[in-house]
Amino acid sequence: MSAEGVSEVAGASDRFLRACRREPVDLTPVWFMRQAGRYLPEYRAARADRDVLQMSRIPEMAVEITLQPVRRLGVDAAILYSDIMVPLAATGVEVRMAPGLGPVIDEPIRAPSDLSRLRPLDPDSDIPFVLEAVRMLRRDLTVPLIGFAGGPYTLASYLVEGRPARDHPRTRALMHGDPAVWEGLLDRLAGTVLALLRAQVAAGAQAVQLFDSWVGDLDPGDYERFVLPWVSRIFEELAPLGVPRIHFGVGTGELLALMRAAGADVVGVDWRVPLDRAWDRVGRDAAVQGNLDPAVCLAPWDAVERKALEVLRRADGRPGHVFNLGHGVFPQTPPETLERLVDLVHSRTAR
Ligand code: CP3
């Protein structure tokens, strides 16, 4: 093949972005949600006793941790090391990371008067460290950099519950019981998310992922009424930036078509829906990302291989598949398993 022919089907530096746009690729790109994290001994050593919110404020640290999985695993994309709570913490919400639990907000947002505690995000003055990390990463990386934000429902769930909670009952009680407060809350969160993602792209992020992780709590009707308008606004306003927009949630089997309709280019799929069925729901005119059960990565290699090959079989070599887990890497995952998984996906999909 000519040198030109090779560049047409891409290599490590752009196969992820090409797959997001459903263009031909040399092999299926892979990255892992939560690839920067506690399963890596080099992460635990670098973090020491600081939490993710503290670490995110030190650009050199965010850069080093973002690069760790790229170096070790050979993944096809980097995801900025930060957290969905960073923009909220930077605009005056008192958030702390409870070890082993997650984000805790001692004064939750529940009443109309609480909304004034959510002020708009001014990225240059509120999160200069995030933008500096993005700029530094673009100088060091040879694979694309993914920026991200929490989705409005997921951010609202932490603000309303005050802590990680199963099923988020107070969040949906507020949504139905006081729609005006809910709409005010989502207006503010959508503004923050948009400002954050725009600033990340301006600083150099080459794709963005909206982590609306907990939106699978909702039935389709409630999703359409109480979440979709704000997510649509976010994706619509990002469209002119020209970077792929990835939309992810857990337990979203019944929401996949709506998540695509919200304007995403790539829909992230968890492991509960077989990938080919998920792709039918998303529509063949969009790309999909997923969807190996992250728990499988705690099992012996032959199980990992079997389940990963099933994902590839369901993707069937169609353009527009980004291999990932169905949710984040568990901290107990052996790093060697993910190293082998990257090699497996690459070797079995080489065209
Ligand atoms: O590698 C990457 O994916 C990039 C970094 C990243 C983190 N958080 C770092 C982090 C990303 C993309 C996130 C997103 C995030 N944060 C989400 C959406 C994705 C998902 O998993 O559904 C959510 C819901 C959060 C909120 C959050 N942050 C929780 C629930 C926790 C605790 C989880 C736990 O297992 O302890 C965090 C803390 C956090 N964010 C850690 C990391 C690496 C682990 C703790 C630490 O090192 O301080």
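The coordinates are above.
A brief look at the structure comes next.

Thresholds applied
- Sequence order as written defines residue numbering, which begins from 1 separately in each chain.
- Given that this is a predicted model, residues contribute local features only at a pLDDT of at least 70 and side-chain atom pairs are listed and counted only at 80 or more, while totals for whole chains, interfaces and linings are drawn from all residues.
- Side-chain calculation: all heavy atoms of the structure are included, whereas hydrogens and water are not.
- Two rings belonging to Phe, Tyr or Trp (six-membered ring only in the last case) form a pair when the distance between their centres is within 6.5 Å. Interplanar angles under 30 degrees mark stacking, angles over 60 mark edge-to-face geometry, and anything in between is tilted.
- The helix and strand labels rest on DSSP assignments: H or I over at least four residues marks a helix, E over at least two residues marks a strand, and numbering proceeds from the N terminus.
- Partly exposed residues are those whose accessible area sits between 20% and 50% of the maximum for their type, while under 20% is buried and over 50% is exposed, using a 1.4 Å probe and protein chains only.
- In what follows, salt bridge is the name for a side-chain nitrogen of Lys or Arg lying within 4 Å of a carboxyl oxygen of Asp or Glu.

It is worth spelling out the packing of aromatic side chains at this point. Taken as a whole, this structure holds four aromatic pairs when the rule is applied. Ring geometry for F148 and F211: centres 5.5 Å apart, planes at 85°, overall edge-to-face. You can see F148 sitting in strand 4 (residues 145–150) and its partner F211 sitting in strand 5 (residues 207–211), a full 63 residues away along the chain. In this structure, F148 and F211 share a single accessibility class: buried. Seen in terms of ring centroids, F211 and F248 are 6.1 Å apart; in terms of plane orientation they differ by 75°. Their pairing is edge-to-face. Placement of F211 in strand 5 and of F248 in strand 6 (residues 245–248) is noted, with a sequence separation of 37 residues between them. A connected cluster of aromatic rings, assembled from ring pairs, spans F148, F211 and F248.

Before going further, it helps to examine the pattern of salt bridges. Under the counting rule described, the total for this entry stands at 22 salt bridges. A salt bridge links E42 to R72, with the shortest nitrogen-to-oxygen separation between them at 2.9 Å. In this pair, E42 is assigned in helix 3 (residues 41–47) and R72 in helix 5 (residues 59–73), connecting sequence segments 30 residues apart. With relative accessibility at 25%, the residue E42 sits in the partly exposed group. With a relative accessible area of 29%, R72 lands in the partly exposed category.

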